[in-house]
There are 2 protein chains.
Amino acid sequence: MTSFNDIIAAAERIKPFIHRTPVLGSTQINQITAATIFFKCENFQKVGAFKMRGASNAIAMLNNHQLDKGVATHSSGNFAQALALAAKLRGIPAYIVMPENSSQVKFNAVRSYNGNIIPCKPNLQARESTLNEIVQKTGATFLHPYNNHNVIAGQGTATLELLSEINNLDMIIAPLGGGGLLSGTLIAAKGFNDKIIVYGAEPIAADDGFRSFKAGKIIPSVNPNTIADGLLTSLGDLTFPIIQKYCDDILTVDENSIISAMKLIWERMKIIIEPSSAVPLAAVMENPDLFKDKTIGIIISGGNVDLQKLPF
Amino acid sequence: MTSFNDIIAAAERIKPFIHRTPVLGSTQINQITAATIFFKCENFQKVGAFKMRGASNAIAMLNNHQLDKGVATHSSGNFAQALALAAKLRGIPAYIVMPENSSQVKFNAVRSYNGNIIPCKPNLQARESTLNEIVQKTGATFLHPYNNHNVIAGQGTATLELLSEINNLDMIIAPLGGGGLLSGTLIAAKGFNDKIIVYGAEPIAADDGFRSFKAGKIIPSVNPNTIADGLLTSLGDLTFPIIQKYCDDILTVDENSIISAMKLIWERMKIIIEPSSAVPLAAVMENPDLFKDKTIGIIISGGNVDLQKLPF
């Protein structure tokens, strides 16, 4: 299992390749929530998302032979861009398997970081077989977007930075998709101070994390459909045990809450966040008693939105 | 005329009432423009705009008798909110004359800061006569949104902060509407180092500043119509002489450039800016030779946009 020391080592290792992102607050949002919230703004991270941390750390852990052959993954989201850029910064090739129906914006983003795109049919089987083919052919190392210890350790560095600035947090909330960010957050927070309460926040419409946590076993999502499109993925066999062991609870929120919280952050904080990033604030707003008078850290996971398709 | 020392004094005076806003950059925008740009982010200022600086300074300069009676202005824009909040923070009344056809969003914003709204017919004559009535009735001090030396001195403090962080700027560009921000920027920049070149940037569709500057006399706008709705106002008899004396040039930009520059800042920097704030970057992009290899400061004037009416 990823350790606190792995995260400390990752932070040092990836420093040259990532931004140290700002921690912001909003008097007005504090008034509305009756809490004191510090937002760790990974929307300002390179490629616009925390995924740059995990991708950079996973690449930094490869040996020279592996580096020569490059890296590969399947992703249509922020990890695709992150791996492409992290590979580019190390001067190695990245092979990104993407569903052929991904948006042009996403193809362009990966291409702009010199990623080699391999389109596949839009289903899990095609994705995995295409990835296997490319790994066979190129010898590239497959890096899973979240079910990978070095990726998890990288994601935890966001919380390490947050706690180095604000060390009196009562609670931290991270959005929950595949569990890479939440796992890293848990290990970083509990390693820093085991009294810090850590919640995962998840859309009801993609609540495999909540159901798995309560059932004590992984229950994958079946056709989840939420505006928080970064949280559609199901837990992995590396992330689930960490969440099971350390997480205080998983809070689920409905779609309207996500949109309201997203709009509130846009309007009051003047920062662009993607819907997935609004899920933790939505959880605060749906559970006022739980968070009243608390000092809370929230990980803003990313800011990649299609400006043509805003929900408000 | 407002002096450099007035701005230094204003900065000290308003410190408790404003935010020191961040200065941000974007590697990608630097690559696109072949320049190094530092954005002074007044979209993160209280009320979401630099206007909070001038309003706070003008109120701080009132004597006790004047403070008792409160302040009044006519504005449907950011100065209305700024004066309302600045007055609230000093515990004095603010009377805001607003055209009755202003959007509900704007009424609500002023009301949320406890401003007393006095609606008037949407024309200049009604605005002025309504304002005169309220001043007569209440004894409040009229504070003009930009044609006021204490307001100008307050607006200049944004540039003072920018230069205290980045002291090697070749150029500074500020958007030009009524000229309050540009006047303050000019006095702050030239007072700091008279070698810094300062440009005003203005929509072609509201180019009274450009035409006045070239003609050597104030030529008011006639029904200007631009997406940069913070820049519809015409120069004042206090702002024009400052601009005439110190400004290196006024650059005009078309509407498409404004929208492109705004979108670029939203997408690459993940910050929300209003169209008026995009005008300086639009000027850089329309004049690549002028700005190539230069280190440039840009004042991002505000972030108050109607999310229901985005131009992209």
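Bear in mind the structure is a predicted one, so any value in this text is a computation, not a measurement.

On to the overall build of chain A, then. When its secondary structure is counted, chain A shows 14 helices and 10 strands. Taking the principal axes of its C-alpha atoms as reference, chain A extends roughly 55 × 40 × 40 Å. A total of 312 residues make up chain A; the buried ones form 57% of that total. Counting only contacts in chain A whose residues sit at least 6 apart along the sequence, the fraction spanning at least 24 positions is 72%. Computing the positive centroid from 27 side-chain charges and the negative centroid from 26, chain A places the two 5 Å apart.

It is worth spelling out the environment of Ile-298 of chain A at this point. By secondary structure assignment, the location of Ile-298 of chain A is in strand 10 (residues 295–300). Ignoring any residue separated from it by four or fewer positions in sequence, one finds Ile-298 of chain A in contact with Ile-37, Phe-38, Phe-39, Lys-40, Ile-173, Pro-280, Leu-281 and Val-284 of chain A.

Mapping chain A onto chain B calls for a rotation angle of 180° and an axial translation of 0.0 Å; the resulting RMSD is 0.0 Å. The symmetry that links the two subunits is that of a two-fold axis. Taking C-alpha positions as reference, the residue of chain A nearest the rotation axis is Ile-271 of chain A, located at 2.2 Å. When the interface residues of chain A are mapped onto chain B, 100% of them again lie at the interface, so the same face is used by both copies.

All chains considered together, the criterion is met by 22 salt bridges over all chains. Here Asp-293 of chain A ties to Lys-292 of chain A by a salt bridge, and the two come within 3.5 Å at their closest N and O atoms. Taking the relative accessible area as the measure of exposure, Asp-293 of chain A reaches 60% and is therefore exposed. In this structure, Glu-267 of chain B engages Lys-263 of chain B in a salt bridge whose closest nitrogen and oxygen atoms are separated by 3.6 Å. Remark: Lys-263 of chain B and Glu-267 of chain B occur in helix 12 (residues 255–269); sequence separation between them is four residues, near one turn of the helix.

Turning our eyes to something else, we now look at the sheet that holds strand 8 (residues 197–203) of chain B. All names here are of chain B. The strand order 1-2-10-7-8-9 describes an open sheet built from six strands, whose pairing is mixed. Of all strands in the sheet, those with a lone pairing partner are strand 1 (23–24) and strand 9 (249–253), marking the two edges. Both strand 7 (residues 171–175) and strand 10 (residues 295–300) contribute to a ladder of three bridges, which runs parallel. Across the sheet, Ile-172 pairs through a bridge with Gly-297, a residue of strand 10. Along the sheet face, helix 9 (residues 180–192) touches strand 7, strand 8, strand 9 and strand 10 and points at about 170° away from the line of strand 8.

This part takes up the domain arrangement of chain A. Residues and elements named next belong to chain A. Segmenting chain A into domains produces domain 1 (4–50 + 149–300) and domain 2 (52–142). Here the C-alpha centre of domain 2 lies 24 Å away from the C-alpha centre of domain 1. If you look at the interface, domain 1 gives 24 residues, while domain 2 gives 17 residues. Between domain 1 and domain 2 the total buried area reaches about 1600 Å² when both faces are included, carbon and sulfur atoms providing 60% of it. Of all residues in domain 1, Phe-17, Val-47 and Asn-150 give up the largest surface area on contact with domain 2, accounting jointly for 41% of the area buried on that side. Counting across the domain 1 and domain 2 interface gives two salt bridges. With its nearest N and O atoms 3.0 Å apart, the salt bridge here joins Arg-53 to Glu-161. Between domain 1 and domain 2 we count 10 residue pairs in polar contact (both at pLDDT 80 or more) in total. Tallying contributions element by element places helix 8 (residues 149–165) first for the side of domain 1 that touches domain 2, with eight residues. The residue inventory of the side of domain 1 that touches domain 2, partitioned by class, reads 10 nonpolar, seven polar and seven charged.

This next bit is on the nonpolar core. In globular proteins that are soluble, nonpolar side chains generally tend to be buried together. Membership of the largest hydrophobic core comes to 75 residues, with the highest contact counts inside it found for Trp-266 of chain A together with Trp-266 of chain B. Apart from residues no more than four positions distant in its own chain, Trp-266 of chain A is found in contact with Ile-271, Ile-272, Ile-273, Val-305, Leu-307, Leu-310 and Phe-312 of chain A together with Trp-266, Ile-272 and Leu-307 of chain B.

With that settled, the discussion passes to the pairing of strand 5 (residues 116–120) of chain A. Residue and element names in this part refer to chain A. As paired elements, strand 4 (residues 94–99) and strand 5 share five bridges and run parallel to each other. Bridge pairing links Pro-99 to Cys-120 in strand 5. Handedness of the β-α-β unit built from strand 4, helix 6 (residues 104–112) and strand 5 comes out right-handed.

Let's shift gears to the packing of aromatic side chains. Counted by the stated rule, this structure contains five aromatic pairs over all chains. Their ring planes at 70° and their centres at 5.8 Å tell us that Trp-266 of chain A and Trp-266 of chain B sit as a pair that is edge-to-face. Pair noted here: Trp-266 of chain A is in helix 12 (residues 255–269) and Trp-266 of chain B is in helix 12, and the two residues belong to different chains. Accessibility classification places Trp-266 of chain A together with Trp-266 of chain B in one group, the buried group. Considering the side-chain rings of Tyr-199 of chain B and Phe-291 of chain B, the 5.7 Å spacing of their centres and the 80° angle between planes classify their relative orientation as edge-to-face.

To continue, consider helix 5 (residues 78–90) of chain A. Residues and elements named next belong to chain A. For helix 5, which comprises 13 residues, the first-to-last C-alpha distance of 18 Å matches the rise-based estimate of 18 Å (1.5 Å per residue) to within 8%. A large share of helix 5 lies buried, amounting to 10 of its 13 residues. Residues of helix 5 that are buried include every one of Asn-78, Phe-79, Ala-80, Gln-81, Ala-82, Leu-83, Ala-84, Leu-85, Ala-86 and Ala-87, and no others. Looking at the buried side of helix 5, the elements it contacts are helix 3 (51–60), strand 3 (71–74), strand 4, helix 6 and helix 8. Looking one or two places after helix 5, you find Gly-91, whose phi comes out positive at around 70°.

Here we take up the sheet that holds strand 2 (residues 36–41) of chain A. Strands belonging to one sheet form pairs held by backbone hydrogen bonds; the direction of such a pair is parallel or antiparallel. What the six strands build is an open sheet, ordered 1-2-10-7-8-9 (chain A); its pairing is mixed. The open sheet terminates on both sides in strands that have one partner only, identified here as strand 1 (23–24) and strand 9 (249–253) of chain A.

What follows concerns the packing of helix 1 (residues 4–14) of chain A against helix 8 of chain A. All names here are of chain A. Where helix 1 meets helix 8, the closest approach of the two axes is 8 Å, and the angle between their N-to-C directions is 85°. Classed by the angle they form, the pair helix 1 and helix 8 counts as roughly perpendicular. Between helix 1 and helix 8, the contacting residues are Phe-4, Asp-6, Ile-7, Ile-8, Ala-10, Ala-11 and Ile-14 on the first element and Ala-153, Gly-154, Gly-156, Thr-157 and Leu-160 on the second. Taken together, the residues of the contact of helix 1 with helix 8 break down into eight nonpolar, three polar and one charged.

This part is about the environment of Arg-211 of chain A. All names here are of chain A. Note on placement: Arg-211 falls in helix 10 (residues 208–215). Sequence spacing of Arg-211 and Cys-247 is 36 residues, and the spatial spacing of their C-alpha atoms is 14 Å. When near neighbours in sequence (up to four residues on either side) are disregarded, Arg-211 contacts Ile-219, Pro-220 and Ser-221. Here Asp-207 takes part through its side chain, which lies 2.9 Å from a polar atom of the side chain of Arg-211.

The rules behind each value
- Residues numbered from 1 in each chain as written.
- Chains lettered and ligands numbered in written order.
- Predicted model: local features only at pLDDT ≥ 70, side-chain atom pairs only at ≥ 80, totals over all residues.
- Heavy atoms only, no water.
- Helix = DSSP H or I, 4+ residues; strand = E, 2+ residues; numbered from the N terminus.
- Buried < 20%, exposed > 50% of the residue type's maximum accessible area, 1.4 Å probe, protein only.
- Contact = heavy atoms within 4.5 Å.
- Lys, Arg positive; Asp, Glu negative; His and termini not counted.
- Charge placed at Lys NZ, Arg CZ, Asp CG, Glu CD.
- Least-squares fit on C-alpha atoms with pLDDT ≥ 70 in both.
- Salt bridge = Lys/Arg side-chain N within 4 Å of Asp/Glu carboxyl O.
- Pairing = 2+ DSSP bridges.
- Axes fitted to C-alpha atoms, helices over the stretch in contact; angles between N-to-C directions.
- Domains from an automatic or database assignment.
- Buried area = accessible area lost by both parts, 1.4 Å probe.
- Polar contact = N/O pair within 3.5 Å; in protein donor to acceptor, adjacent residues only side chain to side chain.
- Nonpolar A, V, L, I, M, F, W, Y, C, P; charged D, E, K, R; others polar.
- Core = buried A, V, L, I, M, F, W, Y, C linked by side-chain atoms within 4.5 Å.
- Right-handed = clockwise from strand over helix to strand, strands pointing away.
- Phe/Tyr/Trp six-rings, centres within 6.5 Å; stacked < 30°, edge-to-face > 60°.
- Expected span 1.5 Å × (residues − 1).
- Parallel < 35°, antiparallel > 145°, perpendicular 65-115°, else oblique.

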